[in-house]
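# Coordinate inspection notes
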Amino acid sequence: MSTPEISVTEVLVVGAGQAGVAMSEHLSAQQVPHIVVERHRIAERWRSERWDSLVANGPAWHDRFPGLAFAGLAPDAFATKDQVADYFEEYARQIEAPIRCGVEVTSVTQLAGAAGFLAETSDGPIRARYIVAATGAFQNPVIPPLVPADTGITQLHSAGYRNPEQLPAGGVLVVGAGSSGVQIANELRHSGRQVTLAVGPHDRPPQRYRDRSFVWWLGVLGKWDAATPAEGAEHVTIAVSGADGGRTIDFRNLAADGITLVGRANAFEGGVMHFGTDLATNIRGGDENYLSLLDEADAYIERMGLDLPEEPEARELGPDPECVTNPILELDLAAAGINSIVWATGYRADYSWLKVAAFDAFGRPVHQRGVSPEPGVYFLGLPWQSRRGSSFIWGVWHDAKYLADQIAIQQGYRAYQPAPQLIESA
């Protein structure tokens, strides 16, 4: 059997989602030879790992790369998941990104006695001096090991949820109060299902306030550029929705629509789900986050002398519903008619293919703005990689530019040759 021919490139970018496409643009701008490999299609997760009705949570003018607007979308409209995937495919064509689809990387190891790495792929080996792991941090859906698989309850992660018809008849427990959990719970309720929503700590910015989107407010107030999350908020999710033209999430409104709110799902025993006593605390925390942003926005408008319409009704919060003032702490799922659980509980990174010394004891990337301690290895698409906005579409574009600059700097060091010493004659 013949040995497969080795492809050689300066940079191998693994993953052709938003991170990989952005990385390719900036490497090309630096005239750095590179290959991008993607095991499926460009932006595959937007196509096959999102529910049917998903739209972006930010408006089209903001949730994009600088070099291309969304075709056929008004600036303040919200792109569907397929429009987002189409956008990245079009962007890749526009920049002529050297992407190889259908190529899975099975391992990357450091070359022995030489600079660079060898990637084993489904399309043969690739040798590269630099590796950019652009797969992000959302590879493996996380389902807490609370409910045994043999209970007869249908369980799926939000990554596997598509639409209400996918679930068996009966009520649904949705666990997770970030954007995914809230939107799925709302869709299920409007389809006629009885829905229970487990609510944890969350931020809930207004979708719009005083004629400006929340993304605009986070921008002008400097919040997208926050370098680290506030203490205690490392795992706090954000509850915001672009569905139905965009709306501000208020859990009181969800309760008024018939969704039963409960605290965090903590344990399951004998068919009974046990919930935390933290529901009211989590609702208040979300309110405080919401109102504090309104306060900062008002102060900014006054300081800058902006002529933006006042919106006093935005501060009117209704009374807490019965499910908040008298929370359910235990629920027999069968007796309540709940036959399905949708876990909107996040993801875990999977870098098992990257066999280098760039991870901590828990398998998490060690890095400074995406630059790992392993020379030649870079990460892209991580939450809080350099700022709060790093895992958003526009944020990853800026992080990619930084990494391309770092690679170009390293190339400059490699190209250095000391000037020959001149020997003076006696």
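Located above this text is the structure these notes cover.
Notes on the structure follow. Predicted model, so just to flag it, every value in this text is computed and none were measured. (Residues numbered from 1 in each chain as written. Predicted model: local features only at pLDDT ≥ 70, side-chain atom pairs only at ≥ 80, totals over all residues. Heavy atoms only, no water.)

Bringing the pairing of strand 17 (residues 272-275) into the picture now. Judged from the four bridges that link them, strand 16 (residues 265-269) and strand 17 form a sheet pairing that is antiparallel. Each residue of the ladder has a partner; that of Ala265, found in strand 17, is Phe275. The antiparallel hairpin formed by strand 16 and strand 17 contains two residues in its connecting segment, where Gly270 sits at a positive phi of about 60 degrees. Relative to strand 18 (residues 330-332), strand 17 runs antiparallel, the two being bridged by three bridges. Residue pairing in the sheet places Val272 in a bridge with Asp332 of strand 18. (Pairing = 2+ DSSP bridges. Helix = DSSP H or I, 4+ residues; strand = E, 2+ residues; numbered from the N terminus.)

Before going further, it helps to examine helix 1 (residues 18-29). A rise of 1.5 Å per residue sets the reference length of helix 1, with its twelve residues, at 16 Å; its end C-alpha atoms lie 17 Å apart and thus fit the reference within 8%. Counting buried positions along helix 1 gives ten out of twelve residues, so the element sits mostly inside the fold. All of the buried residues along helix 1 are Gln18, Ala19, Gly20, Val21, Ala22, Met23, Ser24, Glu25, His26 and Leu27. Directly beyond the C-terminal end of helix 1, a positive phi value near 60 degrees is found at Gln31. (Expected span 1.5 Å × (residues − 1). Buried < 20%, exposed > 50% of the residue type's maximum accessible area, 1.4 Å probe, protein only.)

Let us now look at the layout of surface pockets. The method is simple in principle: a probe with the dimensions of a water molecule rolls over the atoms, and the space it marks as empty is what remains. Of the volumes computed, that of the second largest pocket is approximately 230 Å³. Along its surface, the second largest pocket is lined by 17 residues, and Tyr130, Pro375, Gly376, Tyr378 and Gln410 are the ones closest to its centre. Sort the elements by how many residues they give to the lining of the second largest pocket and helix 9 (residues 393-415) lands first, with three residues. Classifying every residue of the lining of the second largest pocket by side-chain character gives eight nonpolar, six polar and three charged. (1 Å grid on protein atoms, 1.4 Å probe; cavity = no way out; pocket = protein on both sides within 12 Å on 5 of 7 lines; lining within 4 Å. Points joined across faces, edges and corners; volume = space filled by probe spheres on them. Nonpolar A, V, L, I, M, F, W, Y, C, P; charged D, E, K, R; others polar.)

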